[in-house]
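# Analysis of the macromolecular model
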Amino acid sequence: MSETKDNKYKNLLLGLLFDAIGMLSFALPFIGDFSDVIWAPIAGWLMTQMYRGRIGQVVGLLTFIEEIVPGLDIVPSFTLMWLYTYVFKGAGQKKIVEVD
């Protein structure tokens, strides 16, 4: 498997894990809301590290907001960003086929 494919699937697994951590606040009433105060900045920072550049910064801020606002934890922001990066954005690009 190539380096890019390894990174692609690593980001998917990490994204699923981080989304699951973000949704844990639903399982812990009252304590979960407090945990969002800790998790929100961590999640925003993790998003900027996983997806570099301007898009990573914007989505990192959106992830922070999504995690800090009560009730929005259900949004799987890491998984949605992975889908955008590797499925939807990639589908719009033309594939170049090399012929020997």
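Note: the structure precedes this text.
Let me begin by describing the structure that accompanies this report. Since we're looking at a predicted model, the values are computed, not measured.

### Digging into the overall build of the protein chain
Broken down by element type, the protein chain carries four helices and zero strands. Along the protein chain, helices (α) and strands (β) appear in the sequence α-α-α-α when read from the amino end. Here the protein chain holds 100 residues, and 29% of them are scored as buried. With the model as given, the accessible surface of the protein chain reaches about 7000 Å², and the carbon-plus-sulfur share is 71%.

### Observations concerning the nonpolar core
Counting residues in each nonpolar core, the largest one holds 11 residues, listed as F18, W39, A43, L46, M47, M50, Y51, V59, F78, M81 and W82. Elements with a minimum of two residues in this core: α2 (31-50) and α4 (77-91).

### A word on α2
With 20 residues, α2 extends 28 Å between its outermost C-alpha atoms, agreeing within 8% with the 28 Å of an ideal straight helix rising 1.5 Å per residue. Within α2, burial applies to G32, D36, W39, A40, A43, G44, L46, M47 and M50.

### A short note on the packing of aromatic side chains
Using the criterion set out here, one finds three aromatic pairs in the structure. Here the aromatic rings of F18 and W39 are separated by 6.2 Å at their centres, their planes lie at 50°, and the arrangement is tilted. One end of the pair, F18, is in helix α1 (residues 3-23); the other, W39, is in helix α2, and 21 residues separate them in sequence. Each member of the pair, F18 together with W39, is buried. One aromatic cluster is present, formed by F18, W39 and F78 through successive ring pairs.

### Comments concerning the packing of α2 against helix α3 (residues 53-68)
Contact geometry of α2 with α3 gives a least axis separation of 7 Å together with a crossing angle of 165°. The angle between α2 and α3 places the two elements in the roughly antiparallel class. Judged by the sense of rotation from one axis to the other, the crossing of α2 with α3 is right-handed. Side by side, α2 and α3 meet where D36, V37, W39, A40, P41, A43, G44, M47 and T48 of the first sit next to G56, Q57, V59, G60, T63, F64, E67 and I68 of the second. Residue composition of the contact of α2 with α3, by class: nine nonpolar, six polar and two charged.

### Here we look at the environment of W39
On the basis of relative accessible area, W39 is assigned to the buried category, the value being 11%. Those residues in contact with W39, other than ones at most four positions away along the chain, are F18, I21, G22, L46 and E67.

### Looking at the side chain of T79
Within the secondary structure, T79 is located in helix α4. At 2.5 Å, the side chain of T79 and the side chain of D19 are in polar contact. Contacts of T79, omitting those with residues within four sequence positions, involve G15, L16 and D19.

Criteria and thresholds
- Each chain has its residues counted from 1, running along the sequence as written.
- Only residues with pLDDT of at least 70 get local features here, since the model is predicted, and only at 80 or more are side-chain atom pairs given and counted; chain-wide, interface and lining totals rely on the full set of residues.
- Side-chain figures throughout are based on the complete set of non-hydrogen atoms in the structure, without hydrogens or water.
- Per the convention used, a helix needs a DSSP run of H or I reaching at least four residues, while a strand needs a run of E reaching at least two, with both numbered from the N terminus.
- Partly exposed describes any residue whose relative accessible area lies between the buried limit of under 20% and the exposed limit of over 50%, with all areas from a 1.4 Å probe on protein chains only and scaled to the type maximum.
- Reported accessibility uses the Shrake-Rupley method at a 1.4 Å probe radius. Residues are deemed covered only where the shown protein chains occlude them.
- Here the nonpolar core consists of buried residues drawn from Ala, Val, Leu, Ile, Met, Phe, Trp, Tyr and Cys, with membership extended through side-chain atoms lying within 4.5 Å.
- Multiply 1.5 Å by the residue count of a helix minus one, and that product is the helix's expected span.
- Between 30 and 60 degrees the pair is tilted, below 30 it is stacked and above 60 it is edge-to-face, where a pair is any two Phe, Tyr or Trp rings, Trp via its six-membered ring, whose centres lie within 6.5 Å.
- Throughout, an axis means a line fitted to C-alpha atoms (over the contacting stretch in the case of helices), and angles, computed between N-to-C directions, take values from 0 to 180 degrees.
- The labels follow the angle: roughly parallel below 35 degrees, roughly antiparallel above 145, roughly perpendicular from 65 to 115, and oblique for the rest.
- When the near helix sits turned anticlockwise from the far one by under a right angle, the crossing is termed left-handed; a clockwise turn instead gives a right-handed crossing.
- By definition in these notes, contact holds between two residues if any of their heavy atoms fall within 4.5 Å.
- Following the grouping adopted for this structure description, the nonpolar residues are Ala, Val, Leu, Ile, Met, Phe, Trp, Tyr, Cys and Pro, the charged ones are Asp, Glu, Lys and Arg, and the polar ones are all others, Gly among them.
- Nitrogen and oxygen atoms within 3.5 Å of one another constitute a polar contact, given that in protein one can donate a hydrogen and the other can accept it, and given that sequence-neighbouring residues count only through two side-chain atoms.

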